[in-house]
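Residue-level structure breakdown
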Amino acid sequence: MPETKIPYKIYLNENELPKQWYNLRADMKNKPAPLLNPGTGEPMKPEELEAVFCSELVKQELDNTTPYIDIPDEIYNFYKMYRPSPLVRAYFLEKKLGTPAKIYYKFEGNNTSGSHKLNSAIAQAYYAKKQGLKGVTTETGAGQWGTALSMACSFFDLDCKVFMVKVSYEQKPFRREVMRTYGASVTPSPSTETEVGKKILAAHPGTTGSLGCAISEAVEVAVKSEGYRYVLGSVLNQVLLHQSVIGLETKTALDKYGIKPDIIIGCAGGGSNLGGLIAPFMGEKLRGEADYRIIAVEPASCPSLTRGVYAYDFCDTGMVCPLAKMYTLGSDFIPSANHAGGLRYHGMSSILSQLYDDKLMEATSVKQTDVFEAAELFARVEGILPAPESSHAIRVAIDEALKCKETGEEKTIVFGLTGTGYFDMVAYEKFHDGQMSDYIPTDDELAAYRAKLPKIG
Ligand SMILES: *Cc1c(COP(=O)(O)O)cnc(C)c1O
């Protein structure tokens, strides 16, 4: 085959946008464990889940067998506004590192929400609208999910109520304003608007909140408000399904040039971007058609895969949600307040947890100062100012590329650049001023949270 010069950006045509999502569960021999009813310990029935979630999304959540699911036209047409997203060859980063490795990144920051979250937000808003709902409630941590959902809800003319983790609400006032621009209402969590919020505030006065608290509040409001349902931006099977567009596009782009990745790297908070990016590649691996090294990268301050346990746990602090089997630190876990890099959820997608437990993928954790060092290097050579979350993947991609420099191996590395970091300048500022520290929980601290796991299974 003649040597083809790989372009700086591999763009796909509009008609190469995938017409179906890929449901990785269909190819998993060991399926992810079902959600359990915390009262009975039995698998959640569809009608129980439908009290909280939209019906069509419940169907997707429970579907472990259909490999491809059609993307409805309304969602497909919305995707066309900002997809297919580019797969970029990081020539300048390679040169800077002096590595023989070939590095590619799939850039998902090219929309106003600044992240991949819009891929699932628009799908969830569509199904809510189709069901005739008035609106949806949700939580947001760093703010990208809330922004993405606000955009999606305004597109379909739905009401959107966001509970935003208090520490982010205070640190990122402009995020809040973007959401309000799209018509959402934003409440700092924990709040006094919900019973569970009041309870959490009474037990932890002055708390800066957590995703787990905000989820409990959003669920409570959804269940109590006629015509509302709750939606979640990560962790759930349905979210990984929607995010498979990332991986499907990546695979199409690589196939066009006959490129086969050796290593695929993604940051992991709840696991949605990583689950989406790896989906078609993991599918090949599960079917025995190809092999890839797949690496999940998490913060050392919130290490659910690398230091958590694989067990049934609550998805939220208020314990109002179903139990999920996942790698978890315990639903009470709140990362240290000086942790700035996102990815602070205590658990991990059940799909990724099962794949990790089956040793089909690896996980590693990185310190936040190392993450910001990688972020800055990347910004200076590749031009894009990365989100701190994404920079976890950049860190490990750089480390793997530097290993290739030592061994002389020309490995092909693909990583997910999930978003931009314009709203994270307080964290960047701390890093530049030398004020950023690395807090890593001790074994004793983690054991104390673990002791409170529900005794199930
Ligand atoms: C939310 C978010 C993440 C982490 O969430 P996952 O569900 O693990 O993908 C990573 N990067 C960005 C930019 C995000 O907004």
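Quantities reported herein were computed from a predicted structural model and do not represent experimental measurements. (Residues numbered from 1 in each chain as written. Predicted model: local features only at pLDDT ≥ 70, side-chain atom pairs only at ≥ 80, totals over all residues. Heavy atoms only, no water.)

Another aspect to go through is the overall build of the protein. Counting its secondary structure elements, the protein contains 18 helices and 15 strands. Relative to the 2.2 N^0.38 estimate, which gives 23 Å for 457 residues, the radius of gyration of the protein is 21 Å and therefore close to what a compact globule would have. When contacts within the protein are restricted to residue pairs at least 6 apart in sequence, those whose partners lie at least 24 apart make up 76%. Counting only carbon and sulfur atoms, one obtains 51% of the accessible surface of the protein, whose full area is about 17400 Å². (Helix = DSSP H or I, 4+ residues; strand = E, 2+ residues; numbered from the N terminus. Rg over C-alpha atoms; globule rule 2.2 N^0.38 Å. Contact = heavy atoms within 4.5 Å. Areas by Shrake-Rupley, 256 points an atom, 1.4 Å probe, with all protein chains shown as cover.)

Around the ligand, the surrounding shell holds 17 residues, and the nearest of these are Lys117, Ser234, Gly269, Ser272 and Thr418. Between the ligand and lysine 117, the relevant distance is 2.6 Å, taken from an oxygen atom to a side-chain nitrogen or oxygen of the residue. In this structure, glycine 270 approaches the ligand through a main-chain N or O atom, which is 3.1 Å from an oxygen atom. In the complex, 94% of the free accessible area of the ligand, which totals 380 Å², lies under the protein chains. Residues belonging to the shell around the ligand are distributed by class as follows: four nonpolar, 11 polar and two charged. Taken domain by domain, the makeup of the shell around the ligand includes at least three residues from each of domain 1 (9-17 + 84-114 + 243-450) and domain 2 (20-69 + 117-237). (Near = heavy atom within 4 Å. Polar contact = N/O pair within 3.5 Å; in protein donor to acceptor, adjacent residues only side chain to side chain. Nonpolar A, V, L, I, M, F, W, Y, C, P; charged D, E, K, R; others polar. Domains from an automatic or database assignment.)

Let's shift gears to helix H15 (residues 368-382). With 15 residues, H15 extends 20 Å from end C-alpha to end C-alpha; this agrees with the ideal 21 Å at 1.5 Å per step. Among all positions of H15, only Gln368, Thr369, Val371, Phe372, Ala374, Ala375, Glu376, Phe378, Ala379 and Glu382 are buried. Following H15 by one or two positions, glycine 383 has its phi on the positive side, about 90°. (Expected span 1.5 Å × (residues − 1). Buried < 20%, exposed > 50% of the residue type's maximum accessible area, 1.4 Å probe, protein only.)

Before going further, it helps to examine the sheet that holds strand E14 (residues 362-366). As a general point, the strands of a sheet are linked pairwise by backbone hydrogen bonds and lie either parallel or antiparallel. With respect to topology, seven strands assemble into an open sheet ordered E1-E4-E5-E15-E10-E11-E14, the strand pairing being mixed. Edge strands, defined here as strands with exactly one partner in the open sheet, are strand E1 (9-10) and E14. Sheet topology places strand E10 (residues 263-267) next to strand E11 (residues 293-299); five bridges connect them, and they run parallel. What sits directly across from isoleucine 265, in E11, is isoleucine 295. Packed on one face of the sheet, helix H12 (residues 272-286) meets E10, E11 and strand E15 (412-417) and runs near 160° to E10. (Pairing = 2+ DSSP bridges. Axes fitted to C-alpha atoms, helices over the stretch in contact; angles between N-to-C directions.)

The next subject is unusual backbone geometry. Along the chain, arginine 83 connects to proline 84 via a cis peptide bond; the corresponding omega equals -10°. Position of proline 84 relative to the elements: it lies in the loop between helix H3 (73-82) and strand E4 (87-89). Of note, the bond from serine 189 into proline 190 is cis; its omega dihedral lies within 30 degrees of zero at 5°. Summarising the element assignment, proline 190 is placed in the loop between strand E8 (185-189) and helix H9 (195-203). In the Ramachandran plot, methionine 319 falls in the positive-phi region, its phi being about 60° despite a non-glycine side chain. Among the structural elements, methionine 319 can be located in the loop between strand E12 (309-314) and strand E13 (323-328). Its relative accessible area of 42% is what places methionine 319 among the partly exposed residues. The phi dihedral of lysine 359 is positive, around 60°, even though this residue is not glycine. By the secondary structure assignment, lysine 359 is in the loop between helix H14 (350-357) and E14.

The tally for this structure, following the rule as stated, stands at 28 salt bridges. Of the charged contacts in the structure, one is a salt bridge between glutamate 56 and lysine 59, with a shortest N-O distance of 3.6 Å. With glutamate 56 and lysine 59 both in helix H2 (residues 55-62) and three residues apart, the pair spans about one turn of that helix. With a shortest N-O distance of 2.7 Å, glutamate 108 and arginine 83 are connected by a salt bridge. Of this pair, glutamate 108 sits in the loop between strand E5 (102-107) and helix H5 (118-130) while arginine 83 sits in the loop between H3 and E4, and the two are 25 residues apart along the sequence. For the pair glutamate 108 and arginine 83, a shared accessibility class is recorded, and that class is buried. (Salt bridge = Lys/Arg side-chain N within 4 Å of Asp/Glu carboxyl O.)

Here the focus is the packing of aromatic side chains. Given two aromatic rings, their pairing is described by the distance between the two centres and the angle made by the two planes. A complete count under the given rule lists 19 aromatic pairs for this structure. Centre to centre, the rings of phenylalanine 372 and phenylalanine 431 are 5.9 Å apart; their planes meet at 35°, and the pair counts as tilted. Pair noted here: phenylalanine 372 is in helix H15 and phenylalanine 431 is in helix H17 (residues 425-432), with a separation of 59 residues, a long-range link. Put simply, the rings of Phe78, Tyr79, Tyr82, Tyr126, Tyr127, Phe155 and Phe156 pair up and form one aromatic cluster. Above the plane of the ring of tyrosine 169 lies arginine 176, whose end atom (NZ or CZ) is 4.8 Å from the centre. The ring of tyrosine 310 has lysine 325 lying over it, and the distance from NZ or CZ to the ring centre is 4.4 Å. (Phe/Tyr/Trp six-rings, centres within 6.5 Å; stacked < 30°, edge-to-face > 60°. Lys NZ or Arg CZ within 6 Å of the ring centre and 35° of its normal.)

Taken as a whole, H2 has its buried residues at Leu57, Val58, Gln60 and Glu61. Buried residues along H2 cover an arc of 160° about the axis, so they all sit on one side. As for H2, its buried residues are in contact with strand E2 (20-22), helix H1 (46-49), strand E3 (68-70), H5 and helix H11 (237-256). (Arc of directions from axis to C-beta.)

A word on the domain arrangement of the protein. Each assigned domain of the protein is listed here: domain 1 (9-17 + 84-114 + 243-450) and domain 2 (20-69 + 117-237). At the boundary of domain 1 with domain 2, total buried surface from both sides reaches about 4000 Å², with 65% on carbon and sulfur atoms. For domain 1, the biggest contributors to the area lost against domain 2 are Ser113, Ile351 and Phe423; these three give 17% of the whole. Here domain 1 is connected to domain 2 by two salt bridges. Across the pair aspartate 27 and arginine 287 runs a salt bridge whose closest N-O atoms are separated by 2.9 Å. The tally of links from domain 1 across to domain 2 stands at 13 residue pairs in polar contact (both at pLDDT 80 or more). Per-element accounting of the side of domain 1 that touches domain 2 gives the leading share, six residues, to H12. Here the side of domain 1 that touches domain 2 is composed, by residue class, of 23 nonpolar, 14 polar and seven charged. (Buried area = accessible area lost by both parts, 1.4 Å probe.)

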